[in-house]
Each structure stands twice: as C-alpha cells, then as structure tokens.
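# Analysis of the macromolecular model
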Amino acid sequence: MIGRRDPVDEWRDLSARAAQATGYRPAKDGSERSSRGVGFGVVAAAIVVVLAGLALRPAATVTSSNPGPVVASAADAEFRLTLTTPKGTYTPQDAIEPVASITYVGPDQTATIFHATKPAQFRIEEVDGPRAMGGGTAQPCLSTALVRGTPIDVAFGKGGSPTDDPSRGFDLAWYEDPVLRLPQGTWRIVASLDVTLGGCSGERHALEVGNVIRVVSGVPAPTPSVPTLSAPQPTPLATPTPTYPVSSPPAATVVKTTRTLGDPHITLYPPGNAVPSISSDAAYKLCLNGVAGCLPQPPTAIELALVTDTAFGTTSSAGVDTLTLKKTLVWAISWIGSSQCSFAGGGVGPRPTAPPVQPLCDAVALVNARTGDFIYTVQYAHQ
Amino acid sequence: MTAPNPSPDDAFQRAAEELWTPVFRFALALTNDLSDADDVAQEAFLRLWRRRESIDWSRPALGWLLITARRIAMDRFRRLARDLRLRAAPPLPAGLDATTVERFVDLRVQLVALTPTERTAILMSTAQGWSNEEIGSALGISAGAVRAAASRGRAKLTEGSR
C-alpha cells in the first residue's frame with residue numbers, strides 16, 4: 001500500500017516518542033510510586049504479607065448462647081463485613097451454612113469492587129488443633145457493583161488442598177462435598193474481605209471476621225425459628241457468584257494429538273498412561289460451586305491432558321525461569337465459540353470500524369487432575 | 001586520581017535517566033500496550049530504587065532491569081490473562097500526545113499477531129540495535145531462539161501486510 005510505513009520503523013519512532021514522554025516518576029519518599037499505584041506483582045506480594053500478619057480484627061462479635069446464630073462484624077470507612085453462622089453448636093451430620101455479607105458504607109451511591117474469585121474468602125481453623133481448610137486462591141480480577149447500604153451475600157465455599165492425613169486436615173471426599181460438615185471439635189470459621197476500589201491495583205480494603213462454633217456428638221441443636229441478629233439482616237440483592245449450569249457435563253475424553261491453545265504459550269499433550277486422581281465430574285464440580293472460573297453455560301468438552309504453559313512460572317533472582325505447568329496432568333474444561341466471555345479492557349484497543357458486536361471466545365479452565373486444585377482459566381478470541 | 005564512587009542515590013538517578021528508554025521499549029515490545037509498558041518499566045525502576053543500597057553498581061544495571069521487567073511482565077500477563085475478569089481500561093501514561101496514541105493504536109493491531117518473544121526479537125534489534133545475544137539474555141532464551149523468533153515474526157508481518 002502506498003504511503004504505509006514499515007511497522008518496525010513506525011514502532012521505532014513511536015516507542016522513542018513514548019519513552020521520551022513518560023520517564024521514571026520517582027515517589028515523594030522514594031518508597032512508593034504515587035502515580036497510578038504499584039504494579040500488580042507488588043500488590044500480590046503485599047497481599048500475602050498483610051494477610052499473614054492479620055490477626056482477627058476486633059469485631060463487634062455477638063456471642064450467642066446455643067442454639068445461635070453466631071454473628072461477627074467488622075468495618076472500615078468503606079465496607080462492613082458480617083459473618084453469620086446459623087447456630088453455635090452442630091453435630092458431625094449437620095450442614096453448616098455460614099454466610100458472609102458485604103456492605104458498602106462509603107460516601108458514594110455505588111462502588112465497584114475488584115476481587116479474586118469471590119469478594120469474600122473463607123477458611124476454617126480448628127481451635128487448639130492443627131486441622132484447617134483454606135489457603136491460596138486464584139487471583140483473577142473480577143468486579144462486583146455494590147449499592148451503598150445494600151449488602152450482598154457470599155455463601156461459604158470450600159477451597160484448599162486435600163490431605164490423606166485426618167489429623168492435619170480434610171480429604172478429597174470432604175472437599176468434593178459441597179455441603180460443609182465438620183468433625184467433633186471447636187472450630188473457627190473465618191471470612192475475609194480483600195478487595196480494591198478503583199481498579200485491580202487500586203485502594204485496598206481488607207477485613208476479617210470469625211465465628212467460633214462447636215461440633216458435638218448427640219442430638220443436633222434446634223434451628224432457631226426467628227434468628228435475632230444484632231447486625232443488619234442481610235438482604236440479598238445480587239450474588240457475585242455466577243450461576244453455573246447444573247446440567248450434566250459432556251463425557252470426558254482424552255487429548256489425542258498435541259495442540260496449542262489460542263494463548264500460544266499453552267500446549268495440551270496426550271496424557272499417555274497417566275491416571276487422574278480425581279474424576280472429571282469432580283473437576284466439573286469446581287465450576288458448579290464457583291471455585292473454578294467457568295463460563296455460565298455447559299462446556300464443550302472435558303479432556304484429560306498434560307499441559308505446559310511457557311509463560312506461567314517463577315523467575316529466580318538469577319533470572320532462571322521455572323515453569324509451574326510442565327507436562328502437568330489436568331482436566332481441561334473447554335468452551336468453544338461462546339458469547340459469554342467477559343473480555344478485559346486492557347489499554348488502548350483498535351479503533352472501532354463497525355457497530356460493536358458480541359465477540360465469540362474460547363475458554364479453557366484447567367483443574368489439576370492429581371490434586372483437584374483449580375489452576376486457572378484462560379480465554380481468548382474464538383479460533 | 002580516581003573519582004569517588006557515586007552514592008546509591010546518584011547511581012540510581014543516573015540509571016533512571018540513561019536506561020529508561022531501553023527498558024520502556026523492552027516493556028512495550030513485550031506487552032504491546034503503552035499503559036502496561038509504562039507500568040512494567042516504572043515497577044522495574046521502583047524495585048531498583050528499593051535495592052539501590054545493596055546492588056552492585058559497578059556492573060551495568062540494564063541487565064538487572066530487563067530481567068526484572070520481564071518477570072513483572074510475565075507475572076502481570078498471567079495474572080491478568082487467567083480466570084475470567086472484568087476491569088476498567090487503565091489510564092494512558094501522562095505526557096503522551098493524542099497523535100502518538102492514535103498512531104500506536106493502528107500499529108498495535110499490526111503487531112498483535114506476534115508473540116511477545118517475536119516482537120521483542122524484531123523490535124529491540126531495530127530500535128535499540130541489540131544483538132541476538134543481548135536480546136536472548138533479556139528474554140532468558142538463547143540467541144538461536146531469538147533468531148528463530150525474529151524470523152517467524154517477520155514472516156507474520158509480511159503475511160499480514162499482503
């Protein structure tokens with residue numbers, strides 16, 4: 001085409017202009033950049049450090065005598081987090097149904113919070129004991145809109161690493177059961193809010209509250225007919241958890257030929273003779289209970305595969321890369337040609353040349369077929 | 001008579017002045033996004049600032065900055081790419097004029113078909129005059145892999161311009 005410059009030459013010119021126009025912007029005290037917040041990696045590191053150092057906040061806990069409910073609440077200038085467990089005492093057969101409520105109490109009419117899989121995460125700790133559930137969570141950047149004064153509820157969800165040692169934690173069957181039941185003992189159920197305002201790297205808010213309950217043998221304590229809560233009664237308005245299809249997933253298959261996904265760093269290989277430790281149904285259940293990031297429609301395929309991702313790993317201080325996924329056995333849950341994708345913004349996009357249409361996408365959720373852990377979901381334009 | 005060694009603050013200041021352009025360009029080649037490139041480069045320099053007391057300033061800081069920038073970009077890509085997400089478009093870096101941004105929008109579309117490695121292999125040799133060995137060192141791959149990536153990238157660009 002006449003007049004069209006070579007893109008490499010054009011890039012050389014434009015990158016020089018852009019570099020000249022930007023430049024390093026030192027912080028006032030040199031310790032933190034004030035322009036647009038620090039990068040995502042630093043935020044993630046900070047989250048780990050701060051969470052590790054967080055004690056349970058002194059909360060306006062209502063200590064109720066049996067049969068409950070148990071309520072704890074904590075707040076800062078923008079948010080209130082309330083954790084409600086319907087009873088204070090259960091038997092090992094009882095379903096325990098904690099609910100975390102998040103209320104925006106800041107100055108604006110509405111606020112959009114940015115968070116991981118769910119805006120509130122749960123963990124369980126045995127009081128005076130070693131057993132626990134919880135731990136790492138994927139760090140996507142989902143968003144949820146809140147109306148001031150109107151709480152949203154986040155139902156309890158299990159997350160963590162199964163163990164075969166019952167003295168240390170819970171086994172795979174326990175994690176696969178969507179209903180929360182606990183063995184005898186005294187347990188602390190903890191809900192934590194960890195969100196940002198103004199974007200994924202925006203102003204961070206972290207709150208934690210805990211309910212202590214007892215699980216005893218014998219006759220279950222009666223459920224109170226009219227719960228009396230000192231905290232505001234949650235009024236569900238919107239759920240931050242997408243509704244996933246409850247229909248049966250497609251029959252599981254195995255990847256027969258090596259293929260690279262739309263993200264060219266990710267390659268699926270035939271699994272050979274590798275045997276998964278969890279079933280495809282168990283993997284798909286992570287979609288149903290909201291642990292895995294899945295599209296709100298039945299998947300196209302569920303395949304057993306080995307996966308390598310050449311852009312997912314850690315780099316040592318010496319610059320040596322270690323891949324996290326290197327021929328790792330996974331269940332790959334795929335959606336092909338979906339219109340349900342939620343593409344990110346991500347900077348300057350191409351100039352629109354036609355009325356916007358809903359783009360089709362492909363998405364693949366990876367679940368570790370050995371441990372049952374959700375790894376991540378990647379999505380890209382339909383191939 | 002030898003000049004006294006500069007203080008860590010002075011050494012950092014000099015690095016920020018002299019090395020911003022190659023680090024920013026490297027980040028831009030990796031991310032293909034002006035906002036992300038600015039964030040990645042800023043973050044790399046911020047980490048250098050935090051380590052200014054312990055770093056060996058007798059060695060060139062560029063290699064350290066590039067490896068750090070690559071690590072930041074990789075972490076950032078993966079974290080943003082994985083899982084379903086919604087986020088607002090980040091603001092553009094201050095100081096960029098509208099013409100530059102508009103031209104980059106068009107250029108970005110042409111370069112999006114290239115992988116970060118292919119873009120970096122082509123663009124950094126042209127824009128910064130780096131050798132395959134230097135680019136490979138920054139990317140953590142061999143010079144041969146850089147050569148191959150550049151070849152693949154050029155083929156894609158040629159194909160795209162037809």
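Going along each chain's sequence as written, the residues are numbered from 1 onward. Each chain gets a letter, beginning with A, and each ligand a number, beginning with 1, in the order they are written. Only residues with pLDDT of at least 70 are given local features in this predicted model, and only at 80 or more are side-chain atom pairs given and counted; all residues enter the totals for whole chains, interfaces and linings. Side-chain metrics in this entry use all non-hydrogen atoms of the structure; hydrogen atoms and water are not considered.

## Some details on the overall build of chain B
Definition in use: Strands are runs of DSSP state E lasting at least 2 residues, helices are runs of H or I lasting at least 4, and numbering of each runs from the N terminus. We call two residues contacting when some pair of their heavy atoms lies within 4.5 Å. Values of accessible area rely on a 1.4 Å probe in the Shrake-Rupley scheme; residue burial ignores everything except the protein chains shown.
The secondary structure content of chain B amounts to seven helices and zero strands. Mapped from its N terminus to its C terminus, chain B presents α and β elements in the order α-α-α-α-α-α-α. Within chain B, residue pairs in contact and separated by at least 24 positions form 71% of the contacts whose partners lie at least 6 positions apart. Total accessible area computed for chain B in this model is approximately 7200 Å², and 52% of it derives from carbon and sulfur atoms.

## Considering the overall build of chain A
In plain terms, the rule: Relative accessibility decides the category of a residue: with a 1.4 Å probe and only protein chains considered, values under 20% of the type maximum give buried, values over 50% give exposed, and everything between is partly exposed.
If you tally the helices and strands in chain A, you get four helices and 20 strands. Buried positions account for 47% of the 383 residues belonging to chain A. Sequence-distant contacts, at least 24 apart, represent 69% of the contacts inside chain A between residues at least 6 apart. On chain A, roughly 17800 Å² of surface is accessible, and the fraction owed to carbon and sulfur atoms is 55%.

## So, unusual backbone geometry
All names here are of chain A. Even without being glycine, lysine 327 reaches a positive phi, approximately 50°. Here lysine 327 shows up in the loop between β17 (321-323) and β18 (328-338). With relative accessibility at 47%, the residue lysine 327 sits in the partly exposed group.

## Notes on the packing of helix α1 (residues 7-21) of chain A against helix α4 (residues 98-111) of chain B
The description of two packed helices rests on the angle between their axes and on the distance between the axes. As a reminder, the rule being used: Axes here refer to lines fitted to C-alpha atoms; in helices the fit is confined to the stretch in contact. Angles between the N-to-C directions go from 0 to 180 degrees. Any angle between 65 and 115 degrees counts as roughly perpendicular, while under 35 counts as roughly parallel, over 145 as roughly antiparallel, and the rest as oblique. Left-handed describes a crossing in which the near helix is turned anticlockwise from the far one by less than a right angle; the clockwise case is right-handed. When residue character is reported, Ala, Val, Leu, Ile, Met, Phe, Trp, Tyr, Cys and Pro are called nonpolar, Asp, Glu, Lys and Arg charged, and the others, Gly included, polar.
Interaxial distance between α1(A) and α4(B) falls to 10 Å at its minimum, and their mutual angle equals 140°. Considering the angle they form, α1(A) stands oblique to α4(B). In the crossing of α1(A) with α4(B), the sense of the turn from one axis to the other is left-handed. The segment α1(A) lies against α4(B), with Pro7(A), Glu10(A), Trp11(A), Asp13(A), Leu14(A) and Arg17(A) engaging Thr100(B), Arg103(B), Phe104(B), Leu107(B), Gln110(B) and Leu111(B). Per-class residue counts for the contact of α1(A) with α4(B) are six nonpolar, two polar and four charged.

## Here's the deal with the confidence of the model for chain A
The line we're drawing: The pLDDT value tells you how sure the predictor is about a given residue, anywhere from 0 up to 100.
In the predicted model, chain A carries a mean pLDDT of 70, and 67% of its residues have values of at least 70. Segment residues 28-67 of chain A: pLDDT under 50, and 79 contacts once partners within four positions in sequence are set aside and those in other chains are kept.

## Things to note about the sheet that holds strand β1 (residues 70-75) of chain A
All names here are of chain A. This is how the line gets drawn: Only when DSSP finds a minimum of two bridges between them are two strands counted as paired.
Read across the sheet, four strands follow the order β1-β2-β4-β9 without closing on themselves; strand pairing throughout is antiparallel. Across the chains shown, the open sheet's two edge strands, defined by having one partner strand only, are β1 and β9 (152-155). Between one strand axis and the next, the sheet turns by 20° as a mean value, whatever way the strands run. With six bridges joining them, β1 and strand β2 (residues 79-85) adopt antiparallel strand pairing. Paired with alanine 75 across the bridge in β2 is arginine 80.

## A few points about the side chain of Thr100(B)
Within the secondary structure, Thr100(B) sits in helix α4. The class for Thr100(B) is buried, based on a relative accessible area of 1%. Those residues in contact with Thr100(B) that lie beyond four places of it in its chain are Leu14(A) and Arg17(A).

## Some details on helix α4 (residues 280-288) of chain A
Along α4(A), the residues that are buried comprise Ser280(A), Ala282(A), Ala283(A), Tyr284(A), Leu286(A) and Cys287(A). Those residues of α4(A) that are buried are in contact with α3 (172-176), β12 (252-254), β15 (301-309), β18, β19 (361-368) and β20 (374-381) of chain A.

## Quick notes on the packing of aromatic side chains
For any pair of aromatic rings, the description rests on two quantities: the centre-to-centre distance and the angle between the ring planes. Counted only if it meets this: Each aromatic pair joins two rings of Phe, Tyr and Trp (for Trp, the six-membered one) with centres within 6.5 Å, and gets the label stacked for planes under 30 degrees apart, edge-to-face for over 60, and tilted for any other angle. A positively charged side chain is recorded as over a ring if its NZ (Lys) or CZ (Arg) lies within 6 Å of the ring centre. The angle to the ring normal must also be within 35 degrees.
Counted by the stated rule, this structure contains 12 aromatic pairs over all chains. Counting every residue linked through ring pairs, the aromatic cluster contains Tyr24(A), Phe12(B), Trp20(B), Phe24(B), Phe45(B) and Trp49(B). Between the NZ or CZ atom of Lys327(A) and the centre of the ring of Tyr269(A), over which it lies, the distance is 4.4 Å. Here Arg52(B) stacks its cationic end above the ring of Trp49(B), 3.6 Å away from the centre of that ring.

## A look at the side chain of Arg119(B)
Residue and element names in this part refer to chain B. Which entries qualify depends on this criterion: Counted as positive: Lys and Arg. Counted as negative: Asp and Glu, with His and the chain ends omitted from the count. By definition here, a salt bridge exists when the distance from a side-chain nitrogen of Lys or Arg to a carboxyl oxygen of Asp or Glu is within 4 Å. Here a polar contact is recorded for every N or O atom pair within 3.5 Å, except that within protein the pair must consist of a potential hydrogen donor and a potential acceptor, and residues adjacent in sequence are included only if both atoms are side-chain atoms.
With respect to the helices and strands, arginine 119 occurs in helix α5 (residues 116-127). Among buried charged residues, arginine 119 stands out as having no salt bridge; its nearest opposite-charge side chain is glutamate 118, 7.4 Å away. A polar side-chain atom of arginine 119 sits 2.9 Å from the main-chain carbonyl oxygen of leucine 30. If we ignore the near neighbours within four places in the chain, the residues touching arginine 119 are Ala29, Leu30, Thr31, Asn32, Leu111, Val112, Leu114 and Met124.

## A closer look at the packing of α1(A) against helix α1 (residues 8-31) of chain B
Remark: α1(A) packs on α1(B), axes separated minimally by 9 Å, with the N-to-C direction vectors making an angle of 125°. Regarding the angle of α1(A) to α1(B), the classification is oblique. Judged by the sense of rotation from one axis to the other, the crossing of α1(A) with α1(B) is right-handed. Along the contact surface, α1(A) presents Trp11(A), Arg12(A), Ser15(A), Ala16(A), Ala18(A) and Ala19(A), while α1(B) presents Trp20(B), Thr21(B), Phe24(B), Arg25(B), Leu28(B) and Ala29(B).

## Let's talk about the pairing of strand β10 (residues 185-197) of chain A
All names here are of chain A. Burial runs high along β10: 10 of the 13 residues are buried. Bridging between strand β5 (residues 110-115) and β10 involves two bridges; their strand directions are antiparallel. Pairing of phenylalanine 114 across the sheet is with threonine 196, part of β10. Note that β10 and strand β11 (residues 203-215) share 13 bridges and pair antiparallel. Within β11, the residue paired with threonine 196 across the bridge is arginine 204. Between the end of β10 and the start of β11, which pair antiparallel, lie five residues, with glycine 198 showing a positive phi angle near 85°.

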